[in-house]
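Chain and residue survey
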Amino acid sequence: MGIFLCVLGAMLIIGGISILIKSKNEKISTPVEPCMNAIAVASKSKQPSAEKRGIAGETLISQLLVKLPKEYHVMNDLLLSSGKNSVQIDHVVVSPFGIFCIETKNWKGKIVGSANSEQWTQYVQGRQSSYRNPLLQNNAHVEVLQKFLSSKKCAPIFSIVVFATDAALHITNLADKELVITKDELLYEITQKKDILLNAEQMDKTIEILTKANIIDTELRQKHVEGVKAKVELSEAMSNAGICPRCGSTLILKAGANGNFWSCSSYPDCKYTKNE
């Protein structure tokens, strides 16, 4: 057994040296494909823990929303059709004071970003990670809700991104109907709206529309998850190749206050940005 391990170790060392020599001598002209393979492997290895964290965060926020007064109706985990695609909304609160579309994130540490940027950056114990901007994601959810409710008198829909942690949030350029908050602020912010915008009949109709539209079929929900993953992978592949995932223009490296970042060459028509 000892001899076998020695031989195996020698083979691995020789193989590693040969790979290093080859990588130095060969010019790599298309680094995107191996990069995407690495991303795919990494995403698969991280998926279970990320998925569990996401579910834990949504569960925590659901438990908080139950504490709202009785005139607030809470709907969790809605899956709505949007043309050929579908969108999953973590929480919708229907109240006399407006409709609240809530996206939950279970990220910790310091979160830095802009309402318009494609990605936000997380800083935890000296490590830096970039994630898709959840506010843009949730604003797309708001648009779908508006389409479903457009035939009825629809109260304003407020977009809320809530962190199920005590994250330190540094988010800029928020619009009037956009909130990025932590769990401790959630109930307070929702109940600050005092103007009556929906009567009981309008609330019931809104709830009825969303309940009927909610997709509960297990297979369709799984297809939605797979579709979202495919879109994320395509977006990453395009940006890694220097192509804007939004409009197809070239990405340009620029210097910013928080470091270098990639920006779409079609700015200001396209405001796509990505951290280096």
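These notes cover the structure that comes with them. Keep in mind that what you see is a predicted model, and the values were worked out from it rather than measured. (Residues numbered from 1 in each chain as written. Predicted model: local features only at pLDDT ≥ 70, side-chain atom pairs only at ≥ 80, totals over all residues. Heavy atoms only, no water.)

This part is about the nonpolar core. By size, the foremost hydrophobic cluster in this structure holds 21 residues, and its most contacted members are L80, I89, V92, L145 and L210. For this core, the elements supplying multiple residues, two or more each, are β1 (73–82), β2 (85–95), β3 (98–105), α3 (134–149) and α5 (200–213). Among the elements that make up this core, the one with the highest residue count is α5 (five residues). Residues within four places of I89 in sequence aside, it is in contact with D77, L78, L80, C101, I102, H141 and L145. Residues L64, L65, I102 and F158 belong to the second largest nonpolar core, which totals 16 residues. (Core = buried A, V, L, I, M, F, W, Y, C linked by side-chain atoms within 4.5 Å. Buried < 20%, exposed > 50% of the residue type's maximum accessible area, 1.4 Å probe, protein only. Helix = DSSP H or I, 4+ residues; strand = E, 2+ residues; numbered from the N terminus. Contact = heavy atoms within 4.5 Å.)

A word on the environment of A213. By the element assignment, A213 lies in helix α5. For A213, a relative accessible area of 18% translates into the label buried. C-alpha separation for the pair A213 and F148, spaced 65 residues apart in sequence, amounts to 8.4 Å. Dropping the residues within four chain positions of it, A213 is found in contact with L79, L80 and F148.

With that settled, the discussion passes to the sheet that holds strand β6 (residues 127–132). Spatial strand order, β6-β5-β4-β8: four strands in an open sheet with mixed pairing. Taken across any chain shown, the strands that pair with only one partner, and hence form the sheet edges, are β6 and β8 (168–172). Mean inter-strand twist for the sheet, computed between neighbouring axes without regard to direction, equals 15 degrees. Relative to β6, strand β5 (residues 119–124) is paired through six bridges, and the arrangement is antiparallel. Of the residues in β6, the one forming a bridge with W120 is Y131. (Pairing = 2+ DSSP bridges. Axes fitted to C-alpha atoms, helices over the stretch in contact; angles between N-to-C directions.)

Applying the stated criterion to the full structure yields four aromatic pairs. On the basis of an interplanar angle of 40 degrees and a centroid distance of 5.7 Å, the ring pair of Y72 and F97 is categorised as tilted. You can see Y72 sitting in the loop between α2 (32–65) and β1 and its partner F97 sitting in the loop between β2 and β3, a full 25 residues away along the chain. With relative accessibility at 9%, the residue Y72 sits in the buried group. On the accessibility criterion, F97 (12% relative accessible area) is buried. An aromatic cluster is defined as three or more aromatic residues linked by ring pairs; in this entry it consists of W107, Y131 and F163. Note that K110 overlies the ring of Y123, its terminal NZ or CZ placed 6.0 Å from the centroid. (Phe/Tyr/Trp six-rings, centres within 6.5 Å; stacked < 30°, edge-to-face > 60°. Lys NZ or Arg CZ within 6 Å of the ring centre and 35° of its normal.)

The next point concerns the sheet that holds strand β7 (residues 157–163). On the basis of which strands lie adjacent, the open sheet formed by five strands has the order β1-β2-β3-β7-β9 and mixed pairing. In this open sheet, the two edge strands, each paired with only one partner strand, are β1 and β9 (178–182). Strand-to-strand, the axes of this sheet are offset by a mean angle of 35 degrees, without reference to chain direction. With five bridges joining them, β7 and β9 adopt parallel strand pairing. Following the sheet pairing, I160 is matched in β9 by L179.

Attention shifts here to the pattern of salt bridges. What the rule picks out here adds up to five salt bridges. The residue D184 makes a salt bridge to K183 at a minimum N-O spacing of 4.0 Å. One salt bridge in this structure joins E208 and K205, with 3.7 Å as the shortest N-O distance. Of the two residues, E208 and K205 both sit in helix α5, three residues apart, roughly one turn of that helix. (Salt bridge = Lys/Arg side-chain N within 4 Å of Asp/Glu carboxyl O.)

It is at 10 Å that the axes of α3 and α5 come closest, and there the two elements cross at 110 degrees. Our classification of the angle between α3 and α5 gives roughly perpendicular. The handedness of the crossing between α3 and α5 is right-handed. For the pair formed by α3 and α5, the contact residues are L145, F148 and L149 on the first element and T206, I209, L210 and A213 on the second. Here the contact of α3 with α5 is built from residues that sort into six nonpolar, one polar and no charged. (Parallel < 35°, antiparallel > 145°, perpendicular 65-115°, else oblique. Left-handed = near helix turned anticlockwise from the far one by under 90°. Nonpolar A, V, L, I, M, F, W, Y, C, P; charged D, E, K, R; others polar.)

Between Y267 and the following residue, P268, the backbone shows a cis peptide bond with an omega angle of 10 degrees. Within the secondary structure layout, P268 lies in the loop between β11 (259–264) and β12 (273–275). Phi angles above zero are rare outside glycine, and D77 is one such case at about 55 degrees. Checked against the element boundaries, D77 lands in strand β1. For D77, a relative accessible area of 33% corresponds to the partly exposed category. Even without being glycine, Q125 reaches a positive phi, approximately 50 degrees. Within the secondary structure, Q125 is located in the loop between β5 and β6.

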